Amino acid sequence: MKNHLVALFLNGVEREAACESRTTLLDFIRHDLGLTGTHAGCEHGVCGACTVELDGEVIRSCLIFACQADGASVNTVEGISKSGEMSDLQSAFKKYHALQCGFCTAGFLMSAEDLLNKNSNPTELQVREGLSGNLCRCTGYVGIVEAVLEVASARAHKNGRDHA
């Protein structure tokens, strides 16, 4: 039984669908709105695979109900690239082999983008701390950290700032 009509801006596009009161934002995005880049991992908010941006803050979409996001702006991994081609961060993940099975990648990309938006010149330690809420069972995290650091440096250079 569908109880709530939830309307939100998903990656900049107004979307709406009906869902049950107990439907998580994660399930709403995947099953009701059809965007499957956000993954269901632990469903306890620990692994970070379900990370999305809600009104400018990264959250675990498995921990809130879809009806709590009614009227909100939600960005998912599908919205990282506006052009349809890989973003600089996605390209760096590919270059540094920062993914293997890919299950955790969407969450890492969302967290990394958030980190870079808040700190355009992070140290390696800050990158590691910023991504510590995301778990990967396949990689050693080295490639992920290197990818984020390269993008930070490239963005700083592009914006005319020296990267220390």
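Everything here concerns the structure above.
Residues numbered from 1 in each chain as written. Predicted model: local features only at pLDDT ≥ 70, side-chain atom pairs only at ≥ 80, totals over all residues. Heavy atoms only, no water.

J.: What's the story with the nonpolar core in this structure? I'm lost.
T.: Note that soluble globular proteins tend to have their nonpolar side chains buried in a common cluster. Ranked by size, the top nonpolar core spans 23 residues in total, and within it L89, F93, F108, L131 and V148 carry the most contacts. At the level of elements, α2 (88-95), α3 (105-118) and α5 (142-158) are the ones that each hand at least two residues to this core. With seven residues, the top contributor of residues to this core is α3. Once residues within four sequence positions are removed from consideration, L89 is found in contact with L109, A112, E113, L116, V148, V151 and R155. (Core = buried A, V, L, I, M, F, W, Y, C linked by side-chain atoms within 4.5 Å. Buried < 20%, exposed > 50% of the residue type's maximum accessible area, 1.4 Å probe, protein only. Helix = DSSP H or I, 4+ residues; strand = E, 2+ residues; numbered from the N terminus. Contact = heavy atoms within 4.5 Å.)

J.: Whenever I open this one, the packing of α2 against α5 confuses me. Can you help?
T.: Contact pair α2 / α5: the axes reach a minimum separation of 8 Å and the direction vectors enclose 140°. It follows from the interaxial angle that α2 and α5 lie oblique. The crossing of α2 and α5 is right-handed. For the pair formed by α2 and α5, the contact residues are D88, L89, A92, F93 and K95 on the first element and I144, A147, V148, E150, V151 and R155 on the second. Residues of the contact of α2 with α5, tallied by class, amount to seven nonpolar, no polar and four charged. (Axes fitted to C-alpha atoms, helices over the stretch in contact; angles between N-to-C directions. Parallel < 35°, antiparallel > 145°, perpendicular 65-115°, else oblique. Left-handed = near helix turned anticlockwise from the far one by under 90°. Nonpolar A, V, L, I, M, F, W, Y, C, P; charged D, E, K, R; others polar.)

J.: So what exactly am I meant to see when it comes to the side chain of S61 here?
T.: Residue placement: S61 occurs in the loop between β4 (57-60) and β5 (73-75). We classify S61 as buried; its relative accessible area is 0%.

J.: Whenever I open this one, the pattern of salt bridges confuses me. Can you help?
T.: Oppositely charged side chains are able to pair whenever their charged atoms sit close together. This model, assessed by the stated rule, comprises seven salt bridges. Here K118 and D114 are joined by a salt bridge, their closest N and O atoms 3.2 Å apart. Of this pair, K118 and D114 both sit in helix α3, separated by four residues, roughly a single helical turn. Using a relative accessible area of 56% as the deciding quantity, one classes K118 as exposed. Residues R128 and E124 are paired through a salt bridge, measuring 3.1 Å at the closest nitrogen-oxygen approach. Highlighted residues: R128 and E124, both in helix α4 (residues 124-130), separated by four residues, approximately one helical turn. Judged by its relative accessible area of 35%, R128 is partly exposed. Relative accessible area serves as the criterion here: at 42%, E124 is assigned to the partly exposed category. The structure contains a network of salt bridges with shared partners spanning E57, D114 and K118. (Salt bridge = Lys/Arg side-chain N within 4 Å of Asp/Glu carboxyl O.)

J.: Explanation requested: the side chain of S111 in the structure shown.
T.: Mapping S111 onto the fold places it in helix α3. Judged by its relative accessible area of 6%, S111 falls in the buried class. If we skip the residues at most four places from it in the chain, S111 touches T51, G130, L131 and N134.

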